[in-house]
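Inside the fold
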Amino acid sequence: MDDKAIGFIFCVCTGKCPGFAELDIWDFINIIRAEYPVEYAFIHPMLCDEDGERFLDSFLKKETKYIVAGCAPVMQTKLFRDSFKKVGLDITKDLIPLDVRNMKLKDALTVVKNALKEAGKDV
Ligand code: SF4
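Here is what the cut-offs are and how they apply
Residues numbered from 1 in each chain as written. Predicted model: local features only at pLDDT ≥ 70, side-chain atom pairs only at ≥ 80, totals over all residues. Helix = DSSP H or I, 4+ residues; strand = E, 2+ residues; numbered from the N terminus. Buried ≥ 20, exposed ≤ 12 C-beta atoms within 10 Å, placed from the backbone. Near = placed C-beta within 6 Å. Nonpolar A, V, L, I, M, F, W, Y, C, P; charged D, E, K, R; others polar. Core = buried A, V, L, I, M, F, W, Y, C linked by C-beta atoms within 7 Å. Contact = placed C-beta atoms within 7 Å. Axes fitted to C-alpha atoms, helices over the stretch in contact; angles between N-to-C directions. Left-handed = near helix turned anticlockwise from the far one by under 90°. Expected span 1.5 Å × (residues − 1). Bend = angle between axes of the 7 residues up to and from the residue.

1. Overview of unusual backbone geometry
- For Cys13, which is not glycine, the phi dihedral falls at a positive 50 degrees.
- Within the secondary structure, Cys13 sits in the loop between β1 (5-11) and α1 (25-35).
- Given 16 C-beta atoms within 10 Å, Cys13 falls into the partly exposed group.
- Positive phi outside glycine occurs at Asn102, with the angle close to 60 degrees.

Pasting the structure below:
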């Protein structure tokens, strides 16, 4: 556990992925943005495409830890490893990957809350 600020990114697989069909993505991101102890929260359409990689390269900061809600944690770790490494982030500590596919709003929020608690944030 450390006291790094947490940035929240929700990657939605273009927004058309059936995995997010049950989730109101705008309610989800707005509740997190406004009520949870994160520095900011936003939606990205496809972090694992080339432009997503360019985005991460220019956006990630060494002094921040990132929750990425999206696909399977093992996938995220593979997909974002190079971008985290380039900026000096330790992907095993500075990425908190959450799988929120096939969930309704309440369940997805619980997953995020639990992750924040585990990271030492009051929520
Ligand atoms: S990183 Fe995961 S959630 Fe995001 S677009 Fe790629 S496969 Fe989909």
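2. As for the site of the ligand
- Inspection of the region around the ligand gives Cys11, Cys13, Met46, Leu47, Cys48, Gly70, Cys71, Met75 and Leu79 as its neighbouring residues.
- Considering only residue class, the shell around the ligand consists of eight nonpolar, one polar and no charged.

3. A closer look at the nonpolar core
- Residues Phe8, Phe10, Ile67, Val68, Ala69 and Val112 are the most contacted members of the largest nonpolar core, which totals 30 residues.
- Going through the elements one at a time, β1, α1, β3 (64-70), α3 (73-86), β4 (95-99) and α5 (105-118) are the ones with two or more residues in this core.
- Among the elements that make up this core, the one with the highest residue count is β1 (five residues).
- In this view, Phe10 contacts Ile25, Phe28, Ile29, Ala41, Ile43, Ala69 and Gly70; residues no more than four positions away in its chain are not counted.

4. What to know about the packing of α1 against α5
- Packing of α1 against α5 brings their axes to within 10 Å, and their N-to-C directions diverge by 35 degrees. As for the relative orientation of α1 and α5, their crossing is right-handed in sense. Residues Asp27, Phe28, Ile31 and Ile32 of α1 form the contact with α5, whose participating residues are Leu105, Ala108, Leu109 and Val112.

5. Considering α3
- Over its 14 residues, α3 extends 20 Å from the first C-alpha to the last, a length consistent with the 20 Å expected when each residue adds 1.5 Å.
- Of all the bends found along α3, the most pronounced is centred on Phe80 and spans about 55 degrees.
- Listed in full, the buried residues belonging to α3 are Gln76, Leu79, Phe80, Ser83 and Phe84.
- Buried-residue contacts for α3 involve α2 (50-59), β3, α4 (91-94) and β4.

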